[in-house]
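Commentary on secondary and tertiary structure
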Amino acid sequence: MIRTLDDLDAEGAALGVRVDINSPLGRDGLADDARLRAHVDTIDECCGLGARVALLAHQGRPGGDEFSDLSAHADRLDDLLDAPVGYCDATFTAAARDSVAALEDGEAVLLENTRFYSEEYMSFEPDVAAETFLVSRLAPALDAYVNDAFAAAHRSQPSIVGFPTALDAYAGRVMERELDVLGNIEESPEPRVYVLGGAKVEDSIDVARSVLERGLADSVLTAGIVGNAFLLADGVSLGAASAGVVNERSHKAVKAAGDLLDDFSHRIYMPRDIAVERDGERVEVDLDDLPAEEPAMDIGARTLAAYADILEDAGTAILNGPPGVFEDERFEFGTRELYGAATRAEMSIVGGGDTAAAMRKLGVEGFDHVSTGGGAALRMLSGETLAGVEALRV
Ligand code: 3PG
C-alpha cells in the first residue's frame, strides 16, 4: 500500500517534498515551466494544510549544459503558488536546516539542487541511501517525506529512495495520478493501441516488445525514427540518409525491430510513406518511390490515414515519442494530426517528455492523461517497477 496526502497529518509538520522540476533552460532562465506547474496542487495542498514545506529537486546532470542552481525555479514557483516560496542555496547543511526551521506554517522553501552533491548522482539500495549526507543530515529537520517526483522515480538516488527509510513517506498528487493511470494500464479499455515514435529508438522497441509479450498491446503503430527502423528491418530501402539516422541512434535497432517483426508481425504497423525536405519544401514519398536521398522528417498523409483508422476504434491510445520533426513547421503535420486522432480514442494517454512538449507546442488538447515522466513513464509502460515507487510502499 502507498500512503497519500489523504493519510497525512500535515498541520505544523515540516515536510520534505521531492518534486521533479528538471526543465529546459533558456538564456534568461526557465524555457518551459510545465513541470513546475504540475506540482502546484501538491505544494499548495501541503501549505494549505499548514505544513512547513522543504522542497527538494534536481536540475540537469553534473557536467551537463542544464546543470544549474534552482534560484529561477524558486522565483517561478513563488509566482505560481498561493503560498510564499523562498530559496536556500544549501541542501542539507546547517544553513538548509535553519531555513526549514525558520518556516512559518503554510510557507515553503526550495532547497538547492540535490545533484550539487555527488552522492545524489549515484544509485543506492534504500537503507544505504538513508545513510548519505543528504538524508542523514536533513531528515532530522523533517517530520515526514512526500514524493511527488514521478518523473525521477526510476532513479535509486538518495532524495528518492533514502528518505522513505528515515521518515514516514507519502505519495504527492502528481505521483498518485501517474500511478493510477500508468500503473493500471492493463485495466484500460481495449483494444489498446500504442503509437511509438521519437528518437529513443531502442527504448521504444523495448517498450513494444514488452507490451506485445505481455498482451497489453493489440496494435503497435510505429512512426518517426522507430518506424524507419522497422521499415529497414522489413527490407525497405529508405535511403542512406534515413538509414544513417537510425544507425546513429542505435546500431542494435534494426536487428531488434527485425526480431520483433518475426514474433509479432501481425500486430506491428509501419509507415506507408515518409516526408522529406526537397528544395526547401515538404515532399511526401511513397514506399514504392524510395530510396530517397534526403532523410525522413515526418510521416506522410497515407500513413496518417491508415493510423487514424486504427485509432478511431481504439479503446486506449498510448503515445510515446513524436512521429516527426515537429519543431520545424513543415514537418509538424504528422505529429499534430496523429495526436489529434489519438484524442478520439475512448481513453488517450501521452507518455514521455518530448511527446508532452510536442503536444503543448502544437496546441493539441483533449488527452485523458499527460505524463510528467520521460524515462519513468517508459519504464512503467514496459511493466518495470520504479525504485522510488517501491520505496513508498508500506
Ligand atoms: C527526467 O528529466 O526524465 C527526470 O528529471 C530524470 O532526469 P535524469 O534522466 O537526469 O535522471
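Everything discussed here concerns the structure shown above.
Residues numbered from 1 in each chain as written. Predicted model: local features only at pLDDT ≥ 70, side-chain atom pairs only at ≥ 80, totals over all residues. Heavy atoms only, no water.

1. Concerning helix H3 (residues 71–80)
- Listed as buried for H3 are His-73, Ala-74, Leu-77 and Leu-80. The arc that holds the buried residues of H3, viewed along the axis, is 125°, so those residues lie on one side. In H3, the exposed positions angled more than 90 degrees off the buried face are occupied by Asp-75 and Asp-79. (Buried < 20%, exposed > 50% of the residue type's maximum accessible area, 1.4 Å probe, protein only. Helix = DSSP H or I, 4+ residues; strand = E, 2+ residues; numbered from the N terminus. Arc of directions from axis to C-beta.)

2. Here we look at the pairing of strand E13 (residues 281–286)
- As judged from the six bridges shared by strand E12 (residues 273–278) and E13, these two strands associate in the antiparallel manner. Bridge pairing in E13 places Glu-277 opposite Arg-282.
- Once E12 ends, the chain turns through two residues before running back antiparallel as E13, passing Asp-279 with a positive phi of about 50°. (Pairing = 2+ DSSP bridges.)

3. So, the packing of helix H10 (residues 224–233) against helix H12 (residues 253–264)
- H12 packs onto H10 with a crossing angle of 70° between their chain directions and a minimal axis gap of 8 Å. Taken together, the axes of H10 and H12 are roughly perpendicular relative to one another. Contacts from Ala-229, Phe-230, Leu-232 and Ala-233 in H10 reach Ala-253, Val-254, Ala-257, Gly-258, Leu-260 and Leu-261 in H12.
- By residue class, the composition of the contact of H10 with H12 is nine nonpolar, one polar and no charged. (Axes fitted to C-alpha atoms, helices over the stretch in contact; angles between N-to-C directions. Parallel < 35°, antiparallel > 145°, perpendicular 65-115°, else oblique. Contact = heavy atoms within 4.5 Å. Nonpolar A, V, L, I, M, F, W, Y, C, P; charged D, E, K, R; others polar.)

4. Some words on the sheet that holds E12
- Taking strand neighbours across the sheet as the criterion, the three strands line up as E13-E12-E14 in an open arrangement whose pairing is antiparallel. One side of each edge strand has no neighbouring strand; the edge strands of this open sheet are E13 and strand E14 (298–299).
- By the bridge criterion, two bridges tie E12 to E14 in an arrangement that is antiparallel. In the sheet register, Ile-274 faces E14, and the bridge partner there is Ile-299.
- Running at roughly 150° to E12, helix H13 (residues 301–312) makes contact with E12, E13 and E14 of the sheet.

5. As for the site of the ligand
- Every residue close to the ligand is listed here: Asp-20, Asn-22, Arg-35, His-58, Arg-61, Arg-115, Ala-151 and Arg-155.
- Asp-20 is positioned with one of its side-chain polar atoms (N or O) 2.6 Å from an oxygen atom of the ligand.
- The fraction of the free accessible surface of the ligand (310 Å²) that becomes covered by protein chains is 86%.
- Class assignment of the residues belonging to the shell around the ligand gives a composition of one nonpolar, two polar and five charged. (Near = heavy atom within 4 Å. Polar contact = N/O pair within 3.5 Å; in protein donor to acceptor, adjacent residues only side chain to side chain. Areas by Shrake-Rupley, 256 points an atom, 1.4 Å probe, with all protein chains shown as cover.)

6. Quick look at the side chain of Thr-4
- As for its position among the elements, Thr-4 is in the segment before strand E1 (14–18).
- Relative accessible area serves as the criterion here: at 12%, Thr-4 is assigned to the buried category.
- Apart from the residues lying within four places of it in its own chain, the contact partners of Thr-4 are Tyr-170, Ala-171, Arg-173 and Glu-176.

7. Brief notes about the packing of aromatic side chains
- Within the structure shown, the criterion is met by five aromatic pairs.
- Ring geometry for Phe-92 versus Phe-133: centroids 6.4 Å apart, planes at 20°, classification stacked. Here the residue Phe-92 occupies a position in the loop between strand E5 (85–87) and helix H4 (94–101), and Phe-133 occupies one in helix H6 (residues 133–138), the gap between them amounting to 41 residues.
- Residue classification places Phe-133 among the partly exposed residues on the basis of a relative accessible area of 42%.
- With a centroid separation of 5.3 Å and 15° between ring planes, the pair formed by Tyr-145 and Phe-163 is classed as stacked. Remark: Phe-163 occurs in helix H7 (residues 158–166) and Tyr-145 occurs in strand E7 (residues 144–147); sequence separation between them is 18 residues. Phe-163 shares its class with Tyr-145; the two are buried.
- Directly above the ring of Tyr-170 sits Arg-3, whose terminal nitrogen or CZ lies 5.0 Å from the centroid. (Phe/Tyr/Trp six-rings, centres within 6.5 Å; stacked < 30°, edge-to-face > 60°. Lys NZ or Arg CZ within 6 Å of the ring centre and 35° of its normal.)

8. Quick word on the sheet that holds E7
- The strand order across the open sheet formed by six strands is E5-E6-E4-E1-E7-E8, and the pairing between neighbours is parallel. Taken across any chain shown, the strands that pair with only one partner, and hence form the sheet edges, are E5 and strand E8 (168–171). Across the sheet, the mean angle separating the axes of adjacent strands is 25° when strand polarity is ignored.
- When strand E4 (residues 52–56) meets strand E6 (residues 108–110), the two strands line up parallel, connected through three bridges.

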